[in-house]
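# Report on the structure
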Amino acid sequence: MSRPWGAACLIGSVAQLLFSIGLTTPHKPVFDETHYVPAARALLALSHPVNIEHPLVGKELIALGMLIFGDNSLGWRLFASVAGTATVLGLFAILMLLTGRMRVAVIGAVLALLNFSLFIQARIAMLDVFEAAFLTSAIAAFLWSMTAPPEKVLRRWVLAAALLGLAMGAKWAAVPFLAYAIAAILFVRWREARRAGRPPVALFDMAEGPYWPGLPAASALPWLLAVSVGVYLATFLPAFFYADQPLTFASLLSFQGRMYAEQTQVLAPHPYQSSWWSWPLDIRPIWYLYEASDGGAWRGVLMIGNPAIWWGGLVCVGVALWRWGMGGPAKALLPVALWAGAFLPFALIPKSLGFIHYYFPASVFLCGVIATELSGRRSRRKGFWRADTLFVTVSALLFLYFYPIISASALPDSQAFHQWMWLPTWP
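Summary of the structure given here. All of these numbers come straight from a predicted model, not from anything done at the bench. (Residues numbered from 1 in each chain as written. Predicted model: local features only at pLDDT ≥ 70, side-chain atom pairs only at ≥ 80, totals over all residues. Heavy atoms only, no water.)

What follows is about the overall build of the chain. Regarding its fold elements, the chain presents 15 helices and three strands. Relative to its length of 427 residues, the chain is compact, with a C-alpha radius of gyration of 22 Å against a globular reference of 22 Å. Here the analysis covers contacts within the chain between residues at least 6 apart in sequence; of these, 72% occur between residues at least 24 apart. As presented, the chain carries roughly 18500 Å² of accessible surface, and 69% of it is formed by carbon and sulfur atoms. Between the mean site of the 29 positive side-chain charges and the mean site of the 19 negative ones, the chain shows a separation of 14 Å. (Helix = DSSP H or I, 4+ residues; strand = E, 2+ residues; numbered from the N terminus. Rg over C-alpha atoms; globule rule 2.2 N^0.38 Å. Contact = heavy atoms within 4.5 Å. Areas by Shrake-Rupley, 256 points an atom, 1.4 Å probe, with all protein chains shown as cover. Lys, Arg positive; Asp, Glu negative; His and termini not counted. Charge placed at Lys NZ, Arg CZ, Asp CG, Glu CD.)

Shown next as structure tokens:
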């Protein structure tokens, strides 16, 4: 297959099919759906604010599904599955734009499909998958704008800013990427000014060079901030029409402070909490569901990472850093930078509790690191024995092995889960 669009359509179709099988099981709210489904109902009724610690985009999309398909498990989760597919395609586009190599993009997208965390988040009405969908799309749009013809750079830059605003409107965890976009164009323009022998202040006027041609930082930054923040604030529009405690233009900004206070309040310890540094190690997974339901069968949804991808991905991060330290091109570190940019801010975010599903967006970018390291370099081996093919095979076998407890499949009895518990900290 020689054309990216054909590969993307095939991968997207497979992803949507995979996420849709058994999507409505169980037929009752699971884990944090108990927060977000009632919040979506309140949005549909325009009654009053519910779940104010998070922005509205994800809850609005859950509400849209309920409006179209009904207040049932299909309505709650359908747009989450679409967002999961969009996340897979977003990573495909990122890798295609970064490397220009179809194999790297395909391997990365397939690994994202086999990454348990994406499969699970695409089948539950939570906010994280909407953040990931808009965030990967925004990054792809920023990369798309970098090498666009001068007459198209600005419109693609604005598109990326709008998508980033929607990502921030899903979860605040996307906010650091606004800072990264600012830093990226300032760094590129500073480097161009330095090469041209101009003073550092000239970076704001520089518009030459291969990246974002014709777009000076003095224009790019106001557009970025105005569009991303404007789109983010616009997502609160439904809250202006609540029957009780509606937002106003005067209270919109102060409401952000209330959200921050809710997110940073000190909460009681939770049995599933874990520290940010432990998430890539897959130490403390979470039961989203483990009980008898839907006909009395025992069913489980264990939020856990694919061991091959999460543990093998850390090895690939180390290899990428080593290659760069040995004089390799800095561009090869961009997938690592996306992974680190999604993960490391949690070391600073002042939340009293952390959970492994916060690592989900970073785990998507980790698939890009693996694909770049295993597929982005020449291999002496051919066919099945290539490193990337073997890695995908192992990941797929693990996906099939763990499928019963990540898909809410019927289990033989209440103790059946023990066969999947590899570590003493699981579950």
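We are not done yet, so read on.
Turning to the pattern of salt bridges, a few remarks are in order. By the definition in use, this model includes eight salt bridges. The partner of E291 in a salt bridge is K28, and the shortest N-O contact between them spans 2.1 Å. Here E291 is found in strand β1 (residues 286-293), whereas its partner K28 is found in the loop between α1 (4-20) and α2 (33-45), with 263 residues between them in sequence. What makes E291 partly exposed here is its relative accessible area of 27%. Among the residues examined, K28 registers a relative accessible area of 35% and is labelled partly exposed. A salt bridge links E373 to R323; the shortest N-O distance between them is 3.1 Å. Of this pair, E373 sits in helix α14 (residues 360-375) while R323 sits in helix α12 (residues 307-325); the two residues are 50 residues apart in sequence, bridging distant segments of the chain. (Salt bridge = Lys/Arg side-chain N within 4 Å of Asp/Glu carboxyl O. Buried < 20%, exposed > 50% of the residue type's maximum accessible area, 1.4 Å probe, protein only.)

One open sheet holds the three strands; their spatial order is β1-β2-β3, and the pairing between them is antiparallel. Looking at the sheet topology across the chains shown, the edges are occupied by β1 and β3 (410-411). Examined bridge by bridge, β1 and strand β2 (residues 297-303) share seven bridges and lie antiparallel to one another. When the bridges of β2 are listed, I286 appears paired with M303. Here helix α15 (residues 387-406) sits on the sheet and contacts β1, β2 and β3; the angle it forms with β2, its principal contact strand, is near 115°. (Pairing = 2+ DSSP bridges. Axes fitted to C-alpha atoms, helices over the stretch in contact; angles between N-to-C directions.)

A word on the pairing of β2. Counting buried positions along β2 yields six of seven residues, so the element is predominantly enclosed. Between β1 and the antiparallel strand that follows it, β2, lie three residues; D294 among them carries a positive phi value of about 50°. Relative to β3, β2 runs antiparallel, the two sharing two bridges. The partner of W298 across the bridge, within β3, is L411.

With that settled, the discussion passes to unusual backbone geometry. Residue P26 is reached from T25 by a cis peptide bond, and omega for that bond is 0°. Tracing the sequence through the fold places P26 in the loop between α1 and α2. Following W426, the chain continues into P427 via a peptide bond in cis, with omega recorded as 0°. In this structure, P427 sits in the segment after β3.

Attention shifts here to the nonpolar core. It is characteristic of soluble globular proteins that their nonpolar side chains tend to be buried jointly. By size, the foremost hydrophobic cluster in this structure holds 141 residues, and its most contacted members are V88, Y288, W339 and F365. Broken down by element, the residue count for this core peaks at 13 residues, all from helix α7 (residues 128-146). Residues within four places of V88 in sequence aside, it is in contact with I11, A15, F19, A109, A112, L113 and L118. (Core = buried A, V, L, I, M, F, W, Y, C linked by side-chain atoms within 4.5 Å.)

Mapped onto the fold, R299 is located in strand β2. There is no salt bridge for the buried R299, and the closest opposite charge comes from D294, which lies 4.9 Å off by N-O distance. Among the polar contacts listed, one links the side chain of R299 to the backbone oxygen of D294, at a separation of 3.2 Å. Excluding its chain neighbours within four sequence positions, the residues that come into contact with R299 are T25, L289, Y290, E291, S293, D294, A408, S409 and A410. (Polar contact = N/O pair within 3.5 Å; in protein donor to acceptor, adjacent residues only side chain to side chain.)

Time to look at the packing of aromatic side chains. Within this structure, the stated rule accounts for 34 aromatic pairs. Centroid distance F346 to Y358: 5.7 Å. Interplanar angle 15°. Geometry classified as stacked. Of the two residues, F346 sits in the loop between α13 (334-343) and α14 while Y358 sits in the loop between α13 and α14, which places them 12 residues apart along the sequence. An aromatic cluster of at least three residues, connected via ring pairs, comprises F19, F116, F119, W311, F399, Y401, F402, Y403, W420, W422 and W426. The side chain of R156 reaches across the aromatic face of W144, ending 3.8 Å from its centre. (Phe/Tyr/Trp six-rings, centres within 6.5 Å; stacked < 30°, edge-to-face > 60°. Lys NZ or Arg CZ within 6 Å of the ring centre and 35° of its normal.)

We now examine the environment of S293. Among the secondary structure elements, S293 is positioned in strand β1. Overall, the relative accessible area of 8% leaves S293 in the buried class. Residues S293 and A226, 67 residues apart in the sequence, show an inter-C-alpha distance of 48 Å.

Relative to the 30 Å expected for 21 residues at 1.5 Å per residue, helix α8 (residues 150-170) spans 31 Å between its end C-alpha atoms, a close match to the ideal helical length. Considered for burial, the residues of α8 that qualify are V153, R156, W157, A160, A161, L163, L164, G165, A167, M168, G169 and A170. (Expected span 1.5 Å × (residues − 1).)

Two elements in contact, α14 and α15, have axes separated by 8 Å at closest approach and are oriented at 145°. Across from I370, L374 and S375 in α14, the residues of α15 making contact are A387, D388 and F391. Taken together, the residues of the contact of α14 with α15 break down into four nonpolar, one polar and one charged. (Nonpolar A, V, L, I, M, F, W, Y, C, P; charged D, E, K, R; others polar.)

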